[in-house]
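# Structure assessment
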Amino acid sequence: MLGRVRTAVAQLVGGLGPAPGAQPPRDSPAPPPVQPGPSACRGPPVGGGFSRPAFLQLTSEELQRADDHAGRAVQSPRESRRRLPWSTGYAEVINAGKSQHNEDQACCEVVVVDRRCSPRCNPVPKECAGEAEGGRKDLCFHYWGLFDGHAGSGAAVMASKLLHLHICDQLRDLVDILQDSSPPPLCLPGIPRELPTERNRAPLAQADAELSNNALPRFHLEKAVSHESLVIGAIENAFKRMDEQIERERMTRLVAGGCCALAVVYLLGKVYVANAGDSRAIVIRNGEIIPMSREFTPETERQRLQFLGVLRPELLGNEFTHLEFPRRIQHKELGKKMLYRDQNMNGWAYKRIEEDDLKFPLIYGEGKKARVMATIGVTRGLGDHDLKVYNSNIHIKPFLSCVPEVRVYDLTQYEHCPDDVLVLGTDGLWDVTNDQEVADVVTEVLMGYEPNDPCRYTMAAYELVVRSRGVLKERGWRLANDKLGSGDDISVFVIPLGGPGNYT
């Protein structure tokens, strides 16, 4: 077992590139940008192979430069090609050699949600599409997504092209409900059922077969369900459907590995931030920093993982113990009392060491080095259906969750200024830069541009990537304080909170 752990740790160590170089965004005057059109719920087929986000519109030469571990040129959308919705800023850079390609992916879309017709409804004429009874229209949401791949980019590429379509599909039943101020119905209308009848008995009249809600006895109170919670549930289900699709199609699409997923949905005045993994998001508002996500790692989810190991000990493969100890136990320590903690404990206590305690801990390591089954350092995400403990048949997927944590930020509760933004970043940013440093960089960059200059947010994202990557020196990529820069892929969105066209 120890040999397996050493091999797994060795595979996680990344190299450093040998030469500098970066291409800043071009600031020369350009013709008016082409605004991206709304996406429908149906998307194009997903292809495999190396790719970068479509909205970057990279040429073959730029794509080659973006894939260069030596130069690590920062890539951003060119103003002359396509401006992202809300004047969103984006920048990315490849890793310093830890993987063959940049395994991060990103998506930025405007998505139209058309209502799902019930089985009994009549087809809607094309000229009436988009508007229902009472003047209610189809929904439209803005979407941003960051996907940090591991063990290959296949899952990240697939999720970047399809997750927003799954969210769209989950919202189709809610188009009218979310635009109605009344509480959501407990049940949606479905296909009417015919009650069975006896040979010598006439069918029940419709009035007898269906009692009104008021006539039914109330034995308990109904829970109040908000429109906000319906959107949260739709996003959570979309993540699950995405993970199921990756599992079904991973062989035909050649989808390798898995990915952390951080998705943002703006719908009806609220921003929904859904996170499954170790990417993070923060709101910077009038100098205040508001965390909009948290990391899901073996340490932050220790008790959930341990509890699963207790409920289903067969998942541990008779090689792991669900208990946590401050260090590995040696055979000579059998019978002694040592500090430990289990799934019910936040603190530590002493227990007498038994033979089973000599097994490798389910969670081992500390900080960024903590691993589940000595293999993976994140506990939520998409994919990883074939991930096993090194040189064994023990599957790790049962311990990994695809369900995101969703936090909500209500844009209507505050009057935002042009410098108020939402920052999304993969762990390549946050590993070397804390929240305050990110806020300081963003504020510094935005102050150098006019409030109505749309490229200011791209420049903020660009500067965040450049500073967290660092400059190549003899001892590798170094930050301004000479500490080691990020050798990981880095992807960053900077989203102005004023919405589309508010500052122009």
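So, here is what we can say about the structure in this document.

Calculation notes
Residues numbered from 1 in each chain as written. Predicted model: local features only at pLDDT ≥ 70, side-chain atom pairs only at ≥ 80, totals over all residues. Heavy atoms only, no water. Axes fitted to C-alpha atoms, helices over the stretch in contact; angles between N-to-C directions. Helix = DSSP H or I, 4+ residues; strand = E, 2+ residues; numbered from the N terminus. Parallel < 35°, antiparallel > 145°, perpendicular 65-115°, else oblique. Left-handed = near helix turned anticlockwise from the far one by under 90°. Contact = heavy atoms within 4.5 Å. Nonpolar A, V, L, I, M, F, W, Y, C, P; charged D, E, K, R; others polar. Disulfide = S-S within 2.5 Å. Buried < 20%, exposed > 50% of the residue type's maximum accessible area, 1.4 Å probe, protein only. Phe/Tyr/Trp six-rings, centres within 6.5 Å; stacked < 30°, edge-to-face > 60°. Lys NZ or Arg CZ within 6 Å of the ring centre and 35° of its normal. Salt bridge = Lys/Arg side-chain N within 4 Å of Asp/Glu carboxyl O.

### What about the packing of helix α9 (residues 435-447) against helix α10 (residues 456-469)?
The interhelical angle for the contact between α9 and α10, taken along N-to-C directions, is 135 degrees, at an axis separation of 9 Å. Our classification of the angle between α9 and α10 gives oblique. Judged by the sense of rotation from one axis to the other, the crossing of α9 with α10 is right-handed. Contacts between α9 and α10 involve Val438, Val441, Val442, Glu444, Val445 and Leu446 from the former and Arg456, Tyr457, Met459, Ala460, Glu463, Leu464 and Arg467 from the latter. Grouping the amino acids of the contact of α9 with α10 by side-chain chemistry returns nine nonpolar, no polar and four charged.

### Notes on the state of the cysteines
Disulfide: a covalent bond formed between the sulfur atoms of two cysteine residues. Under the criterion given, the structure shown has zero disulfides. Cysteine 108 supplies the cysteine sulfur nearest to cysteine 107, a cysteine that is in no disulfide, at a spacing of 7.2 Å. Relative accessible area serves as the criterion here: at 5%, cysteine 107 is assigned to the buried category.

### Looking at the packing of helix α3 (residues 154-171) against helix α6 (residues 227-249)
Contact pair α3 / α6: the axes reach a minimum separation of 8 Å and the direction vectors enclose 135 degrees. Of the possible angle classes, the one that applies to α3 and α6 is oblique. Crossing hand, α3 versus α6: right-handed. Between α3, through Ala155, Met158, Ala159, Leu162, Leu163, His166, Ile167, Gln170 and Leu171, and α6, the contact on the second element is made entirely by Ala234, Ile235, Asn237, Ala238, Phe239, Arg241, Met242, Gln245, Ile246 and Glu249. Residues that form the contact of α3 with α6 fall into these classes: 13 nonpolar, four polar and two charged.

### Comments concerning the packing of aromatic side chains
How two aromatic rings sit relative to each other is set out by the distance from centre to centre and by the angle between their planes. Per the stated rule, a full pass over the model turns up eight aromatic pairs. A ring pair is formed by tyrosine 409 and tyrosine 414, whose centres lie 5.8 Å apart and whose planes are at 15 degrees; its orientation type is stacked. Of the residues examined, tyrosine 409 reaches a relative accessible area of 6% and is grouped as buried. Through successive ring pairs, a cluster of aromatic residues spans Phe55, Tyr90 and Phe493. Between the NZ or CZ atom of arginine 380 and the centre of the ring of phenylalanine 296, over which it lies, the distance is 4.1 Å.

### What to know about the pattern of salt bridges
Per the stated rule, a full pass over the model turns up 33 salt bridges. One salt bridge connects aspartate 278 with lysine 368, and the closest N-O pair in it is separated by 3.7 Å. Note that aspartate 278 is positioned in the loop between β5 (270-276) and β6 (280-285) and lysine 368 in the loop between β12 (363-364) and β13 (371-372), a separation of 90 residues in sequence. Here aspartate 278 falls in the buried class, since its relative accessible area comes to 6%. On the basis of relative accessibility, which here comes to 48%, the residue lysine 368 falls in the partly exposed class. Salt bridges linked by common partners bring Asp114, Arg116, Asp169, Arg172 and Asp173 together as one network.

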